[in-house]
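# Structural overview for review
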2 protein chains.
Amino acid sequence: MEELNNTCQVHFLPYDVTVEVARGANLLQAAMSAGIHINASCGGAGVCGKCRVILEKGTIEGPQTEKLSDEEYAQGYRLACQSTVSTDVDIRITTESVMDAKSLNRARADQASTRAAVIIGVDYLKENGIFDPICEKLLVNVMHPTIENNASDLSRVLDALRQQHEVGNMSVDFQVIPNLPNVLRAEDHQVTLTLAYAPHKTESKVSLINVEPGDRTATNYAVAIDIGTTTVFGQLVNLNTGEAEVEYGDFNAQISYGEDVISRIVYAAKPAGLKKIQSVVMGTINGVIDQLLKSKNLAPHDISFMTLAGNTTMTQLVLGIEPKYIRLSPYVPAANFFPPVRAAKLGINVGTHVMANFFPSISSYVGGDIVAGLIGAGIYKTDKLSLYIDIGTNGEIVVGNRDWMACAACSAGPAFEGGGIKNGMRATDGAIEDLLINPKDFEPMVATVNMKKPKGVCGSGLINAVAAMFETGLLSQSGKFDTDVDTPRIRAGADGVEYVMVWKENTQTGQDLVLTEVDIDNLIRAKGAMFAGYVTLLEGVGLSITDIDQIIIAGGFGRYINLEKAITIGLLPELPLSKYTYVGNGSLLGARLIALSNHLRVEVSSVVSKVTNFELSENPAYMDYYIASLFLPHTDRRFFPGIYRKMAI
Amino acid sequence: MEELNNTCQVHFLPYDVTVEVARGANLLQAAMSAGIHINASCGGAGVCGKCRVILEKGTIEGPQTEKLSDEEYAQGYRLACQSTVSTDVDIRITTESVMDAKSLNRARADQASTRAAVIIGVDYLKENGIFDPICEKLLVNVMHPTIENNASDLSRVLDALRQQHEVGNMSVDFQVIPNLPNVLRAEDHQVTLTLAYAPHKTESKVSLINVEPGDRTATNYAVAIDIGTTTVFGQLVNLNTGEAEVEYGDFNAQISYGEDVISRIVYAAKPAGLKKIQSVVMGTINGVIDQLLKSKNLAPHDISFMTLAGNTTMTQLVLGIEPKYIRLSPYVPAANFFPPVRAAKLGINVGTHVMANFFPSISSYVGGDIVAGLIGAGIYKTDKLSLYIDIGTNGEIVVGNRDWMACAACSAGPAFEGGGIKNGMRATDGAIEDLLINPKDFEPMVATVNMKKPKGVCGSGLINAVAAMFETGLLSQSGKFDTDVDTPRIRAGADGVEYVMVWKENTQTGQDLVLTEVDIDNLIRAKGAMFAGYVTLLEGVGLSITDIDQIIIAGGFGRYINLEKAITIGLLPELPLSKYTYVGNGSLLGARLIALSNHLRVEVSSVVSKVTNFELSENPAYMDYYIASLFLPHTDRRFFPGIYRKMAI
C-alpha cells in the first residue's frame, strides 16, 4: 500500500528557501506565503504572463498557456499562477521574475499555527466530561391501551420513558400533544422521543419536545448559526457525535438595506421597516438551513434545536426587537438576555418544536457573537491575560481572564471591508488580497481571491499593500507618498497622490487600480480606532500591552490578516507571533459548542456577568489615544519598538 | 331613610299557604313554586286567560288584558301570569282555577337553599389566606440610561422591580422585549409590569409577561371560560378584587356540526374538519370575550390571563388536538394534562402575552369541567362522603372525599336536552320547564321559559311532567299510560299512546304539544343510565347510597331540576333534600377560582391524581344496574322507600 503524503516541499532557487504546502497548492501562492517575490500583475489570472518560473525538479501541473512557447515549455518554463504542485519540487525564479531578497523570509514563523487553533472543541468537551448535548433522542415502546388501563396517550408515553429510560419529572411541550394519537399509532406504539435539557439544573430539567413514529434516534441534529452583518454562516451539528457535518455560508440579504448596522437600524425605523428587514435576514437564514439540510437529505422537522449568535443589532433584528436606541446615545439595547424563542415563530423553516437559543449580548456594540467567541476561545477558563479581537467595521475588543473581563467596541469604519476605499471591494473573486512590493523598482506582486483578474482591493490586500509601501519607503509614517521615488506607479491622481497597483490592461474593469492617500488615511483611521481601543481598555483596568499573555483573533476577516503586516501598520500590538491565536468564526464555534454542552450553556450567563463594558465613544482618553494612533505604526515608538528598529526610524 | 325590603309575602287563599318571593316576581311562578295549582294552559303567555286569581290585599302590577272585563278588574280579578308582586299580598284562587289541595305543600323545603350555595368563593379564599391571584400588576419608575450606566432597557426594568418591589429572580416572556424600548419611553420610563406566578413554588416562580406604559395597575383581569358542548360561558374576573364583574354566555357554534361530542369528533375526522371545528368554537369564545370586554370598556390586551375548563372532547377540540380515539374503545384521550398555551396562538382574541390555562381531564368522558367543579365544590378538602353529579347527555359522576375519589361517565343520551323527544326542545323561549297535573281532572298547569307561548318541552319540564303523571297515576311504573283514565288528554297518537300537554290553540306551533310513551321511555333510559352509574360507582368502592353525606348537583341543567321530582322518577337518589347542594356552573366556578388562587391551582393536579376512573360502558355490573333502573322510580324499592310508601305501591 502506497503511503500518501499530502504535503509537498517547494524549494525556491536561487534563495534556497523551502516551504511546505498542501499537495495541489498553487505555486504563486506558495511563493507569496514564503515571501518569495515573483512578478505577478494579474493577480494570478494567467493573463499577464509575467510570473515565469523554471521547474528544475519534480512535477507541477497546469496548462502550457499561450504565454509560453513550446520551446520555453520544454525548457521547464511555467507560469507560477497557473501551476499546482504535485510532488516535492525545485523551482528557480527567473531573473525577470526575481525581485529582491529583502522581501524574503518574512511572515512565515507561527503563521501556520494561527490557522487551525481552536481552543475548545468537541474533543475537549468529551475529554472533560462536558459533552452533554442539549437534545437527546430516545426510543420507547409504549403500552397499548386496554379498557382496564385506558390512560391517555401522553401518560403511557411518559410511563414508557420512565420505565425504559428512567427519565421522569418532565415538562411537555404542548406541540407534542395535538398529533400524538396518530404519531403513536403510526408504527404500532413505537416512537422516538426528543428530550431537551434545560441548562439550569435547579429548574425543571427535561422537556419532551418531539415525538416521531418509529426509530429516529440516529437523526439528532442542531443547527448553529452565526448571523453576521455581512454574512450568515450555518453548521449542521450532529448531536449524537458532536460533529459539525456541514457548513454553509451566504451573504446576509439585508446588505441591500445598508452595509452596516447603523443603516439597517435606520431602515428598520421606516414604516414596516423592522418587519421587512427581519424577513429579509430570515430568508438568508432559511437559505442556509436549506443547503445544510439538502446536503444530508434531511427535512426541516429533523432538526431538534437551534443556536444563534450575532452582534446586538443583528440579534435584535432577527428577533424583531425595536433597534432604535442602539444607535442613539447612551446606546441602550432592548435586552441583553433573550429567553429561548420558538424558531418557527420567527419565520425559520424548521419544525414547530424547535427552540432557538440566542446568545446574550453585553452591550449595544459588543454582542452575542463576541460572547460566543469568548466561550469558544475558553477565555473565561484561563488564567492567562487574554486579548480577544474581532476586527471589522465595528471592532470588538475583550481583555481579561477567568476572573474578570472588560470589553469595548471601536467604530473602525468600513475600510476593512473595502468600504470608503476608491478601488475597494469585498473579499470576493478578483479582489487583491495580498500585495508585495519590490523595494528596488517598486513593482508589485499581487494575488487575488480565486486568482481572478484584479477588480479591486479588499481589506487584507489593503493592509498588506500599505505595509509593503511603508516598508519600502514609498509611504511616510503619516501616510503620505514619497513623490521623489522613481516609479511611474506613483502619480498625481484625481484624489491626490496615488500608487497604481495594477495597470488597466490587466484589470477586469479596464481602469488602473490605485491606492490613494485618501484610502490610506481611511485605513490609518480604522487601525487607529482599533489600537486606541486596546490601549484604552487595558489602561482602564490598569494594564498595558506588554502584560498580555495571549491574543485571540476572531472573525471572518481575521482569517485573512497577515499578522506581521497588521503589526507593521499598527493594527495589531507588537507582540511575539507565538502569542497570537486565530479562533476562526468564534461566533459560529460558540453557537455549535453550546448545542453540544449544557455545561457550557450554563456558563454563558456567568461569562456575560463577568464582563464590564466600556463606552469608548464619549471617552476623552480614547480620543487622545486615537489621535496618537493616526501614524504608521504609531506616534509612540514604545508601542512598536521592533518596527521602529527594523525601519530604522 | 326608608327601609327597603326586597322580598314580599304572598298569601294564597283558601289554602293559607304563604310563600316569600322577590319583589317583582311573577305571580304564576310564585304559585308554582308554592305548589299551588292554577289553571295555566299557555305557559304564562297571557293568551289563554285561564289563570284568574283575585287580589284581596296589597298591590300587584300588570296589564288588565282583554281577557278581563272592566267589572272583573274592579272586583280584583287578575291573570296570575301577567301579574308581578309589588307588596305583601293576599291572593285568592278562584274556583275555576282551584285544582286540588293534594298538590300543595310540596317541593318547598330546602329548595331555596340549593340555589345559592357555593362552597368555595372569593370570601373563602381571602379568609383562608389563599387569595393569591395568578397575575399581579406593579408600577415601577425605571432609571433613565446614561453613558456611564447604559444597561439594557430590560435590565433597568428588572432593577427597578427588584428595588421598588423586592421581586427578583424572574423569567421574562420574550413577548415583552420586542417593543420594550418604545413602551418604556412612552410615559417617561414609568411602566406597569404584569407578573405571572407559577403554581409550583419549587420552580422559577415569577414571569414578567407584560409591560405597559404608565399606571395600569387598576386594570388587572382574567377571563374564565367554561367550554360546554352546548354553551360557552365566560366571566371577567378582576384579579385585584377577586370579583367576577361580568358573566356572558352563548351557544357553542359547533352545534351546527353536531349536537353531542361524538358527532363533533366524527366531523373533526373529515378533511380539515378539526381545524374547522376548532375555529368555530374559537368564534364563540371570542364573541363571549368581546361581550365581556365591551361591558367594561376594556380592550383585548387588558386581559392578563385566561383559565378554561371543558369536557375532554371540548378541550381537545379547542386545543386542536386529534380527538379520534376518545370515541373508540378503549376510549383514550390524547393527554390529561395540558401545558399552558399562548391564547392568541389558539386564535383567542387577547394580547399575545396571555397564557391560557386548561383544566386537566381525568378520562375521555370525565373532563376538565368536572375537575374544575370538584375544586369549586371543595370535595377534595372535605371528610364528607360526597356525590358530585353533572347531569347531561354525557353524565358525569364523582364520589369520594379528601382522601380518595372515583369517577365515571354515563351515556344518558340527549333526553335531558330535549333530544329524542317528539316535542322536545332546548330550554329556550317557549319551552315548557314546569308542569303540574291536577289529580282530579288531569288538567295540566304549565310554565314556559320566559313565559312565551308553548313551543315544546325541555329537560326539566320533561322530568316534572313525568313525575306529575306518575304521581297522579296517569303513568305506570314501567312508563305506560293508564288509558282507562277519563281525560281527553290521553289518546292514541301516531307514536302510540300520548298525553296532550297543551292544546294547539295555545301553542306557537299550532299543533298539540304531546308527550308520548316513546318519549317517556327515552327519559327512563336516560335517568336509568345516571342512577346505574351512582350505584355501580359506589359499589365499586364498597359503599352504598345511604353512606352519602352530601350530593352536589352541578351543571347548567342542574339549576333547573326540581329535586323532589327528579327523585320521584328515580333520576336522583332518595336522600334528605338537606343533603343536596347546587354548585351552579362548577366548571366556570373552578376556572374563576384558580385564576384567583395559585394555592388552588397547585391542588388541581393532586385532585386529578386522587380520582380513579371507572369505565362503565363495558362493565357487566353497570349493565345489570341499568336494566334494573328502567322503571319508575326503580325496580328495587329499597332505593326509594319513601316514594314507594307515598305512592302506596
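Throughout this document, residue positions are counted from 1 along each chain, in the order its sequence is written. Chain letters and ligand numbers both follow the written order, the letters beginning at A and the numbers at 1. Reporting in this predicted model follows two pLDDT cut-offs: at least 70 for local features of residues, and 80 or more for side-chain atom pairs to be given and counted; totals over whole chains, interfaces and linings ignore these cut-offs and use all residues. Excluding hydrogens and water, the side-chain values take into account all heavy atoms of the structure.

## Section: the interface of chain B and chain A
Rule in force here: Residues are treated as being in contact if the distance between any of their heavy atoms lies within 4.5 Å. Buried area counts how much accessible surface, traced with a 1.4 Å probe, disappears from two parts once they are put together, with both parts' losses summed. Salt bridges are identified by distance alone: a Lys or Arg side-chain nitrogen within 4 Å of an Asp or Glu carboxyl oxygen. For the purposes of these results, a polar contact is taken to be a pair of N or O atoms within 3.5 Å, where, inside protein, one atom must be able to donate a hydrogen and its partner to accept one; residues adjacent in sequence count only when each atom of the pair is a side-chain atom. For the purposes of this entry, the term helix denotes a DSSP run of H or I that reaches at least four residues, the term strand denotes a run of E that reaches at least two, and both are numbered from the N terminus. The residue classification treats Ala, Val, Leu, Ile, Met, Phe, Trp, Tyr, Cys and Pro as nonpolar and Asp, Glu, Lys and Arg as charged. All others, Gly included, are polar.
Contacts between the two partners involve 44 residues from chain B, matched on the other side by 44 residues from chain A. Taking both sides of the interface into account, the surface hidden between chain B and chain A amounts to around 3,300 Å²; carbon and sulfur atoms contribute 64%. In terms of surface lost to chain A, no three residues of chain B exceed Ile147(B), Asn150(B) and Phe174(B), which account for 18% of the buried area on that side. One can count zero salt bridges joining chain B with chain A. Across the chain B-chain A interface, the total number found is 17 residue pairs in polar contact (both at pLDDT 80 or more). Looking at the side of chain B that touches chain A, the elements that each hand over two or more residues are α5 (153-165) and α6 (180-186) of chain B. Residues that form the side of chain B that touches chain A fall into these classes: 23 nonpolar, 11 polar and 10 charged.

## Overview of the side chain of Asn562(A)
With respect to the helices, strands and loops of the structure, Asn562(A) is situated in the loop between β27 (550-554) and α14 (563-568). Of note is the side chain of Asn562(A), whose polar atom sits 3.1 Å from the backbone nitrogen of Glu564(A).

## A few points about the relation of the copies chain B and chain A
Applied cut-off: Fitting of the copies onto one another was done by least squares over C-alpha atoms, counting residues only where both copies have pLDDT of at least 70.
Structural alignment of chain B on chain A gives an RMSD of 0.1 Å, achieved by rotating through 180° and translating 0.0 Å along the axis. What the superposition gives is, in effect, a two-fold axis relating one chain to the other. A share of 100% of interface residues in chain B that are also interface residues in chain A marks the association as one of identical surfaces.

## A few points about the pattern of salt bridges
Side chains that carry opposite charge are capable of pairing whenever their charged atoms lie near each other. We apply this condition: Exposed residues in this analysis have more than 50% of their type's maximum accessible area, buried residues have under 20%, and partly exposed residues fall in between, with area computed by a 1.4 Å probe over protein chains only.
Scanning the entire structure with this criterion turns up 43 salt bridges over all chains. Between Arg402(A) and Asp383(A) there is a salt bridge, and its shortest N-O distance comes to 3.3 Å. Placement of Arg402(A) in the loop between β19 (394-400) and β20 (405-411) and of Asp383(A) in the loop between α11 (368-377) and β18 (386-390) is noted, with a sequence separation of 19 residues between them. By relative accessible area, Asp383(A) is classed as exposed at 54%. Asp434(B) is the partner of Lys565(B) in a salt bridge, and the nearest nitrogen-oxygen pair spans 3.8 Å.

## Things to note about the domain arrangement of chain A
For an interface, size is often stated in terms of accessible area lost upon the parts coming together. Threshold: By convention here, the domain bounds are inherited from an automatic or database domain assignment.
Taken as a whole, chain A is organised into domain 1 (7-98), domain 2 (134-213), domain 3 (223-330 + 356-368), domain 4 (369-413 + 530-647) and domain 5 (415-522). Here domain 1 of chain A and domain 4 of chain A have C-alpha centroids that lie 38 Å from each other.

## Considerations on helix α8 (residues 273-295) of chain A
Keep this limit in mind: A helix is expected to span 1.5 Å for every residue after the first.
Taking 1.5 Å of rise per residue, the 23 residues of α8(A) would be expected to cover 33 Å, and the 34 Å separating its terminal C-alpha atoms lies within 8% of that figure. Asn297(A) occupies a position one or two residues after α8(A) and carries a positive phi of about 55°.

## What about the environment of Val466(B)?
Residues and elements named next belong to chain B. Looking at the element boundaries, Val-466 is found in helix α12 (residues 459-471). Residues Val-466 and Ala-566, spaced 100 residues apart in sequence, show a C-alpha to C-alpha distance of 9.5 Å. With residues near it in sequence (within four places) discarded, Val-466 still touches Leu-475, Ile-520, Leu-523, Ile-569 and Leu-632.

## Digging into the sheet that holds strand β25 (residues 496-502) of chain A
Residues and elements named next belong to chain A. Rules: At least two DSSP bridges between two strands are needed for those strands to be called paired. Each axis is a line fitted through C-alpha atoms, and for a helix only the stretch in contact is used; angles between axes span 0 to 180 degrees, taken between their N-to-C directions.
Within the open sheet, the three strands sit side by side as β24-β25-β26. Their pairing is antiparallel. This sheet does not close on itself; its edge strands, each paired only once, are β24 (490-493) and β26 (513-516). With strand direction ignored, the average angle separating the axes of adjacent strands in the sheet is 45°. Sitting on the sheet, helix α13 (residues 517-540) is in contact with β25 and β26, with an inclination near 60° to β26.

## Considering the pairing of strand β28 (residues 580-584) of chain A
Residues and elements named next belong to chain A. Here is the rule: We call a crossover right-handed when, viewed with both strands directed away from the observer, the connection leading from the first strand over the helix to the second proceeds clockwise.
Among the five residues in β28, five count as buried, and that is most of the element. Burial along β28 is two-sided: Tyr-580, Tyr-582 and Gly-584 and Thr-581 and Val-583, pointing in opposite directions, are all buried. Taken together, β27, α14 and β28 form a β-α-β motif whose crossover is right-handed.

## Considerations on unusual backbone geometry
The omega torsion of the bond from Leu632(A) to Pro633(A) falls at -15°, within 30 degrees of zero and hence cis. Going from Ser329(B) to Pro330(B), the amide bond is cis rather than trans, its omega being 5°. Mapped onto the elements of the fold, Pro330(B) is located in the loop between α9 (312-318) and β16 (341-342). With a phi close to 60°, Tyr331(A) is a non-glycine residue in the positive phi region. On the secondary structure map, Tyr331(A) appears in the loop between α9 (312-318) and β16 (341-342). Of the residues examined, Tyr331(A) reaches a relative accessible area of 15% and is grouped as buried. A positive phi is found at Phe442(B), a non-glycine position, where the angle reads about 65°. Assignment of secondary structure puts Phe442(B) in the loop between β21 (431-437) and β22 (444-448).

## Quick look at helix α15 (residues 586-596) of chain A
Across the 11 residues that make up α15(A), a large majority, 11, are buried. For α15(A), the set of buried residues is Gly586(A), Ser587(A), Leu588(A), Leu589(A), Gly590(A), Ala591(A), Arg592(A), Leu593(A), Ile594(A), Ala595(A) and Leu596(A).

## Comments concerning the packing of α15(A) against helix α16 (residues 598-610) of chain A
Residue and element names in this part refer to chain A. Convention followed: Roughly parallel refers to an angle under 35 degrees, roughly antiparallel to one over 145, roughly perpendicular to one between 65 and 115, and oblique to any angle outside these ranges.
Packing of α15 against α16 brings their axes to within 5 Å, and their N-to-C directions diverge by 120°. When the axes of α15 and α16 are compared, the pair comes out oblique. Seen from α15, the contacting residues are Leu-593, Ile-594 and Leu-596; seen from α16, they are Asn-598, Leu-600, Arg-601 and Val-604. Tallied by class, the residues present in the contact of α15 with α16 amount to five nonpolar, one polar and one charged.

## Let's talk about the sheet that holds strand β5 (residues 77-79) of chain A
All names here are of chain A. Strands sit in the order β2-β1-β7-β3-β5 across an open sheet of five strands; the sheet is mixed. Taken across any chain shown, the strands that pair with only one partner, and hence form the sheet edges, are β2 (17-22) and β5. Taken over all neighbouring pairs, the strand axes of this sheet differ in orientation by 35° on average, direction set aside. As judged from the four bridges shared by strand β1 (residues 7-13) and strand β7 (residues 89-93), these two strands associate in the parallel manner. Among the inter-strand pairings, Val-10 is bridged to a residue of β7, identified as Val-89.

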